[in-house]
Amino acid sequence: MTLPPHLTVKEGHLHIGSHDTVALAKKYGTPLYVTDEQRIRANFMAYREALTGYYDRVQMLYAAKANGNLAVLRVFADMGAGADVFSAGELYLALVAGMRPEHLLFNGSSKTAEDLKLAVQKNVRVSLDSIDEMKQLNEIARAMGTTVECSFRVNPAMEVPTHPKIATGLATSKFGIPAGQIKEAYRAAVEASNIVPVGLHCHIGSQILDVAPFAKEAEVLVKVAKEVTDLGVTLRFLDMGGGLGIPYNHTTEAAPTPQEYADAVMPVFLDGIEKAGIKPAFWVEPGRNLMGDSTVLLTCVNSVKTTHKTFVNVDAGFNLLARPVMYDSYHEVIVANKAELAPAGRCTVTGPICETGDILAHDRDLPEVAPGDVIALLDTGAYGFSMSSQYNSRPRCAEIMVNGGMEAPMRRAETIIDLKMTMESLPWQK
Ligand SMILES: *Cc1c(COP(=O)(O)O)cnc(C)c1O
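Quick caveat, the model's predicted, so the values are computed rather than measured. (Residues numbered from 1 in each chain as written. Predicted model: local features only at pLDDT ≥ 70, side-chain atom pairs only at ≥ 80, totals over all residues. Heavy atoms only, no water.)

1. Let's talk about the nonpolar core
Right, on to step 1. Membership of the largest hydrophobic core comes to 86 residues, with the highest contact counts inside it found for L51, F76, Y261 and F282.
Right, on to step 2. For this core, the leading source of residues is helix 8 (residues 212-230), giving 9 residues.
Right, on to step 3. When sequence neighbours within four positions are dropped, the list of residues in contact with Y261 reads Y47, L51, V211, F214, M240, L244 and V284.
Right, on to step 4. Membership of the second largest hydrophobic core comes to 20 residues, among which are L297, V314, V335 and I375. (Core = buried A, V, L, I, M, F, W, Y, C linked by side-chain atoms within 4.5 Å. Buried < 20%, exposed > 50% of the residue type's maximum accessible area, 1.4 Å probe, protein only. Helix = DSSP H or I, 4+ residues; strand = E, 2+ residues; numbered from the N terminus. Contact = heavy atoms within 4.5 Å.)

2. Side note on the sheet that holds strand 1 (residues 7-10)
Right, on to step 1. With respect to topology, 3 strands assemble into an open sheet ordered 1-2-3, the strand pairing being antiparallel. With one partner strand each, in any of the chains shown, strand 1 and strand 3 (19-20) form the two edges of the open sheet.
Right, on to step 2. Strand direction decides the pairing type here: strand 1 and strand 2 (residues 13-16), joined by 4 bridges, are antiparallel. Along strand 2, the bridge assignment pairs T8 with H15. (Pairing = 2+ DSSP bridges.)

3. Focus: the confidence of the model for the chain
Right, on to step 1. For the chain, the mean per-residue pLDDT works out to 96, and 100% of the residues sit at or above 70.
Right, on to step 2. Per-element averaging of pLDDT across the chain places strand 10 (residues 177-178) at the bottom with 92 and strand 4 (residues 32-36) at the top with 99. (pLDDT = per-residue confidence, 0-100.)

4. Things to note about the packing of helix 4 (residues 88-96) against helix 5 (residues 113-122)
Right, on to step 1. Contact pair helix 4 / helix 5: the axes reach a minimum separation of 10 Å and the direction vectors enclose 20 degrees. If you check the angle between helix 4 and helix 5, you find them roughly parallel. As for how helix 4 packs across helix 5, the hand of that crossing is left-handed. Contacts between helix 4 and helix 5 involve A88, L91 and L95 from the former and D115, L118, A119 and K122 from the latter. (Axes fitted to C-alpha atoms, helices over the stretch in contact; angles between N-to-C directions. Parallel < 35°, antiparallel > 145°, perpendicular 65-115°, else oblique. Left-handed = near helix turned anticlockwise from the far one by under 90°.)

5. Side note on the environment of Q38
Right, on to step 1. Here Q38 is to be found in helix 2 (residues 37-52).
Right, on to step 2. Exposure remark for Q38: the relative accessible area of 39% places this residue in the partly exposed category.
Right, on to step 3. Not counting the four nearest positions on each side in its chain, Q38 is found in contact with N403 and G404.

6. Considerations on the site of the ligand
Right, on to step 1. Close contacts around the ligand come from 16 residues, with K65, S206, E285, R288 and Y383 the closest.
Right, on to step 2. Note that an oxygen atom of the ligand is positioned 2.8 Å from one of the side-chain N or O atoms of K65.
Right, on to step 3. The contact in question runs from an oxygen atom of the ligand to an N or O atom on the backbone of R288, over 2.8 Å.
Right, on to step 4. Protein coverage of the free-state accessible area of the ligand, which is 390 Å², stands at 96%.
Right, on to step 5. Considering only residue class, the shell around the ligand consists of 4 nonpolar, 7 polar and 5 charged. (Near = heavy atom within 4 Å. Polar contact = N/O pair within 3.5 Å; in protein donor to acceptor, adjacent residues only side chain to side chain. Areas by Shrake-Rupley, 256 points an atom, 1.4 Å probe, with all protein chains shown as cover. Nonpolar A, V, L, I, M, F, W, Y, C, P; charged D, E, K, R; others polar.)

7. Brief notes about unusual backbone geometry
Right, on to step 1. Residue P31 follows T30 across a cis peptide bond; omega there is -5 degrees.
Right, on to step 2. The phi dihedral of D379 falls on the positive side, at around 60 degrees, and the residue is not glycine.
Right, on to step 3. Along the chain, D379 turns up in the loop between strand 19 (374-377) and strand 20 (398-403).
Right, on to step 4. In this structure, S393 takes a positive phi of about 50 degrees despite not being glycine.
Right, on to step 5. You can see S393 is positioned in the loop between strand 19 and strand 20.
Right, on to step 6. Judged by relative accessible area, which is 51%, S393 ranks as exposed.

8. As for the state of the cysteines
Right, on to step 1. This model, assessed by the stated rule, comprises 0 disulfides.
Right, on to step 2. With no disulfide of its own, C202 lies 16 Å from the sulfur of C150, the closest cysteine sulfur.
Right, on to step 3. Of the residues examined, C202 reaches a relative accessible area of 0% and is grouped as buried.
Right, on to step 4. Unpaired in terms of disulfides, C300 finds its nearest cysteine sulfur in C397, a separation of 13 Å.
Right, on to step 5. By relative accessible area, C300 is classed as buried at 18%. (Disulfide = S-S within 2.5 Å.)

Dropping the structure here:
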């Protein structure tokens, strides 16, 4: 198994940055998410530099749903990123983190009137998913006596090689407006009194390990951009969405680098905008690619049981890491305190949740495992904590950030008392 540069094995222990994960687990308790700020920064710089090598008008919008911790958002804000926000909560947190409203895009296929109102109040552009939604936004802006800038999300009707639950650009998906109806949408927006269409948005899916679909997406985007420009709309940004994957299986999987992404996409984009006679900014919304490998989830072994196979029962389950159960996804497993020992047998790592499906890793060759050992699940920085729940009335765990020699909690663990904080006593249940 190859490890990224911020993960190393020293004296038998897995380290993240300069920090011993076993010592962190002992100090803060498990389960525990540990994120390396330096890795986030390196991922971000690699992505941005690959794009700016082709074009100077690039704006990175971090996909906030991948990991919405304020400390993480602040790292991106500090590097000049905005965010793709998909809810009022994500919008609020992005602003609290110091991101500029003009660098945010309020995406989503089902927004409430309150959501739209918030966007107008905060001067955040809205990516619209239907003409119906555009009309509602127009009414809201009119009632507030102002205008609002928007884009439409185009559905490129593309098959992409990824898990069906995260392919978002299929003709049959719930997202976006079909390319055949997009001119009608912009025409309606131009006619609307309080809407100014300024952008075009697309997002084809997630965990895509091939650059060809992105090149195809860019082709659709510039083609539609030309049609929209011909209608008299001045497009100030074209937004490619996110989706570039990462290698979760460190032995068998490879992922394109951001440079390979840029090499595939940017020539198509540059050629297309030249033909359309426009010079819009290039927006991109990576989430997983920036955050995924920055984080490990540390979980402690409670017990080991051998039946028809060996189960290693740990203290984190799909309450804290839903991806294996939700998407059949693979995360590398390292016994953090025995990281140099050779495999001694095949184990299935199971969580504490009352469901047969609560399995974090199937049939892995691990060293002899015993209660008290610390298991690290790699690449859990994206769609890890952000998809966690309190299922089985389990408080969520803490998250800590390391940065060079420093370390600090970025979220305290919930307690059992927290579980009842939002619950009310009914007046008839004395
Ligand atoms: C989820 C999402 C992203 C980020 O996807 P990644 O695969 O994490 O890069 C970007 N844009 C939109 C609209 C999304 O829904």
